[in-house]
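Understanding the architecture of this molecule
The residues making up each chain are set out below.
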Amino acid sequence: MNRQQVILDKYKLEDLELKNRVIMAPMTRSRADNPENAPTDLHAAYYRQRSSAGLIISEGSQISKRAVGYINTPGIYSKAQVEGWKKVTKAVHEEGGKIFIQLWHVGRMSHPDFHGGELPLAPSAINPEAKSFTPQGFKDTVEPKEMTVEEIKQTVQDFKNAAKNAWEAGFDGVEIHASNGYLLHQFFNTTSNDRTDEYGGSKENRARILFEVLDAVKEVVPENRIGVRMNPSLHGTFGMTLDEETIPTFDYIIERLNHYNLSYLHLSEPFTDVSEIPYAEPNIAKRYRPVYKGTLMINGGFDREKGNKVIEEGFADLVAYGKLFISNPDLPERFAQDATLADWDQDTFYTPGEKGYTDYPLLEEVEK
Ligand SMILES: Cc1cc2nc3c(=O)[nH]c(=O)nc-3n(C[C@H](O)[C@H](O)[C@H](O)COP(=O)(O)O)c2cc1C
């Protein structure tokens with residue numbers, strides 16, 4: 001017998017009872033390769049296989065046509081997409097699982113090829129100097145169009161509409177994607193936002209859109225079923241760079257989130273080594289656990305041991321696992337048995353079809 005693991009303990013997430021604290025992190029898998037970008041039976045099978053997670057957070061799902069930046073990612077703005085997601089939520093619920101959808105707008109991490117030749121929308125006309133995965137393969141990103149205030153207000157409404165659709169599709173909640181260099185994150189950092197109106201300048205202004213989104217979304221989804229995801233120390237990837245204002249901005253945002261009764265705050269530890277980067281915070285859970293009063297979910301490079309440790313030490317309540325959940329559909333069971341973990345195949349992260357998606361075996365199938 002293995003010793004008791006805290007990561008396998010139940011958790012009361014507001015009014016939801018999670019069967020363990022092993023959360024499936026949101027992961028784009030690019031299998032919505034149909035004209036509607038709607039989830040299919042294959043998505044339902046994939047998420048069903050992973051429904052022993054305490055909570056699944058779906059892949060990022062674009063809130064509007066303008067929000068897209070990668071091929072074959074699913075949306076949550078059309079009727080066909082809502083119908084597709086219903087298959088997914090039904091499958092997960094049939095297995096006794098819980099699932100939130102991640103609501104996504106990529107902002108400048110896109111390409112005119114997705115928008116009939118028009119420029120991607122962003123807080124400011126600053127090229128992230130990154131790559132966009134278009135129907136014709138990887139292309140360089142371009143200088144985006146600075147959003148008008150009207151376009152910002154429309155985007156807030158798009159988040160609200162997407163949340164309403166998600167609720168109709170049977171999701172247990174929504175996660176606002178304010179992470180990883182996408183639209184909302186682009187507003188937070190001065191290196192991607194040089195606006196001079198009420199959405200730029202001070203940290204209050206740069207954070208404004210997130211709170212407008214939360215205020216709009218909570219009109220259609222209960223506040224305690226809304227999560228927020230952020231990656232404060234992201235540097236050198238997805239076009240983001242840190243400066244001296246970055247971490248104080250996140251300090252402000254996270255403190256202010258205490259005024260909401262959210263489901264959870266989902267933070268990532270730095271994706272790269274930031275020990276040499278001035279102004280970076282290398283220990284995200286340690287810094288923000290004392291600041292945030294609600295449920296804290298942590299992510300980034302965790303395994304069984306580290307996941308148990310971060311909870312035992314009181315730095316997080318829940319741990320989100322990404323790549324390990326791709327290759328180990330029954331990850332909680334493998335943790336319970338301290339079983340060998342399967343490696344993931346990076347080449348099939350974003351390719352169409354079952355390969356590298358629904359063909360990773362369960363532990364019991366491996367042991368046969
Ligand atoms: C294939 C793949 C797709 C991802 N897609 C998303 C996404 O849609 N939304 C998001 O917030 N993070 C996304 N991520 C980041 C993961 O949620 C997670 O933060 C990252 O994999 C680090 O966690 P890990 O070390 O447990 O894998 C993705 C990661 C991978 C590997």
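Residues numbered from 1 in each chain as written. Predicted model: local features only at pLDDT ≥ 70, side-chain atom pairs only at ≥ 80, totals over all residues. Heavy atoms only, no water.

Considerations on the overall build of the protein chain
For the protein chain, the helix and strand inventory stands at eleven helices and 14 strands. A compact globule built from 368 residues would reach a C-alpha radius of gyration of about 21 Å, and the protein chain, at 19 Å, matches this within 12%. Overall size of the protein chain, expressed as C-alpha extent along the three principal axes, is 60 × 45 × 40 Å. For the protein chain, with 368 residues in total, the buried portion stands at 58%. Considering only contacts in the protein chain between residues 6 or more positions apart, those separated by 24 or more positions represent 71%. For the protein chain, the accessible area works out to roughly 14600 Å², and carbon and sulfur atoms hold 49% of it. The distance from the centre of the 42 positive side-chain charges to the centre of the 56 negative ones in the protein chain is 3 Å. (Helix = DSSP H or I, 4+ residues; strand = E, 2+ residues; numbered from the N terminus. Rg over C-alpha atoms; globule rule 2.2 N^0.38 Å. Buried < 20%, exposed > 50% of the residue type's maximum accessible area, 1.4 Å probe, protein only. Contact = heavy atoms within 4.5 Å. Areas by Shrake-Rupley, 256 points an atom, 1.4 Å probe, with all protein chains shown as cover. Lys, Arg positive; Asp, Glu negative; His and termini not counted. Charge placed at Lys NZ, Arg CZ, Asp CG, Glu CD.)

Quick notes on the packing of aromatic side chains
Per the stated rule, a full pass over the model turns up 15 aromatic pairs. Judged by centre distance (5.3 Å) and plane angle (85°), the ring pair of W104 and Y182 falls under edge-to-face. Of this pair, W104 sits in strand 5 (residues 99-104) while Y182 sits in the loop between strand 10 (173-177) and helix 4 (183-188), and the two are 78 residues apart along the sequence. You'll find W104 and Y182 in the same group, each marked buried. For the pair Y321 and F335, a centre-to-centre distance of 5.2 Å together with 65° between the ring planes defines the contact as edge-to-face. Linking Y321 in strand 14 (residues 318-321) with F335 in helix 10 (residues 331-337), this pair joins segments that are 14 residues apart in sequence. (Phe/Tyr/Trp six-rings, centres within 6.5 Å; stacked < 30°, edge-to-face > 60°.)

Re the nonpolar core
Of all hydrophobic cores here, the largest spans 81 residues; its most connected members are I176 and M230. Counting residues per element, this core draws most heavily on helix 5 (residues 203-217), at eight residues. When sequence neighbours within four positions are dropped, the list of residues in contact with I176 reads L103, F159, L184, L210, V213, L214, V217, I226, G227, V228 and R229. Listed in part, the 13 residues of the second largest apolar core include A25, I57, L318 and A320. (Core = buried A, V, L, I, M, F, W, Y, C linked by side-chain atoms within 4.5 Å.)

Details of the side chain of R206
Inspection of the secondary structure assignment puts R206 in helix 5. Take R206: its relative accessible area is 0%, and that puts it in the buried class. Within the local environment of R206, its side chain forms a polar contact with the backbone oxygen of F188, the two atoms lying 2.6 Å apart. When sequence neighbours within four positions are dropped, the list of residues in contact with R206 reads F187, F188, N189, T190, N193, Y199, G200, G201, E245 and T249. (Polar contact = N/O pair within 3.5 Å; in protein donor to acceptor, adjacent residues only side chain to side chain.)

Description of the site of the ligand
Near the ligand you find 18 residues, and of these P26, T28, R229, N299 and G301 are the closest. In this structure, an oxygen atom belonging to the ligand sits 3.2 Å away from a side-chain N or O atom of H177. Contact between the ligand and N299: an oxygen atom at 2.6 Å from a side-chain N or O atom of the residue. (Near = heavy atom within 4 Å.)

Brief notes about helix 1 (residues 41-49)
Within the span of helix 1, buried status applies to H43, A44, Y46 and Y47. Projection of helix 1 onto a plane perpendicular to its axis shows the buried side chains occupying an angular sector of 165°, all on one side. Looking at the buried positions of helix 1, the neighbouring elements they touch are strand 3 (22-24), strand 4 (55-62), helix 2 (79-94), strand 5 and helix 9 (323-327). (Arc of directions from axis to C-beta.)

Structural notes on the sheet that holds strand 13 (residues 296-299)
Strand order in the closed barrel formed by eight strands is 3-4-5-10-11-12-13-14, and the pairing between neighbours is parallel. Pairwise comparison of adjacent strand axes, ignoring direction, gives a mean angle of 25° for this sheet. Direction of pairing for strand 10 relative to strand 11 (residues 226-230): parallel, over a ladder of four bridges. When the sheet's bridge partners are listed, H177 is paired in strand 11 with R229. Across the sheet, helix 2 is in contact with strand 4 and strand 5; its angle to strand 5 comes to roughly 150°. Taken strand by strand, helix 5 contacts strand 10 and strand 11, and its axis lies near 165° from that of strand 10. (Pairing = 2+ DSSP bridges. Axes fitted to C-alpha atoms, helices over the stretch in contact; angles between N-to-C directions.)

Focus: the side chain of S132
With respect to the helices and strands, S132 occurs in strand 7 (residues 131-134). Looking at S132, the relative accessible area reads 0%, which means it is buried.

Some thoughts on the pairing of strand 7
Bridge analysis of strand 7 against strand 8 (residues 137-140) gives four bridges, and the strand direction is antiparallel. Looking at the pairing, F133 lines up with F138 of strand 8. Here strand 7 hands over to strand 8 after two residues, the two strands then running antiparallel side by side.

Brief notes about the packing of helix 3 (residues 149-168) against helix 5
Helix packing for two helices is described by the angle between their axes and how far apart those axes are. Close contact between helix 3 and helix 5 brings their axes to 9 Å; oriented N to C, the two are set at 40°. As far as their axial angle goes, helix 5 and helix 3 are oblique. As helix 3 packs across helix 5, the resulting crossing turns out to be right-handed. On helix 5, the residues that touch I152, K153, V156, F159, K160 and A163 of helix 3 are I209, E212, V213, A216 and V217. Of the residues contributing to the contact of helix 3 with helix 5, the split by class is eight nonpolar, no polar and three charged. (Parallel < 35°, antiparallel > 145°, perpendicular 65-115°, else oblique. Left-handed = near helix turned anticlockwise from the far one by under 90°. Nonpolar A, V, L, I, M, F, W, Y, C, P; charged D, E, K, R; others polar.)

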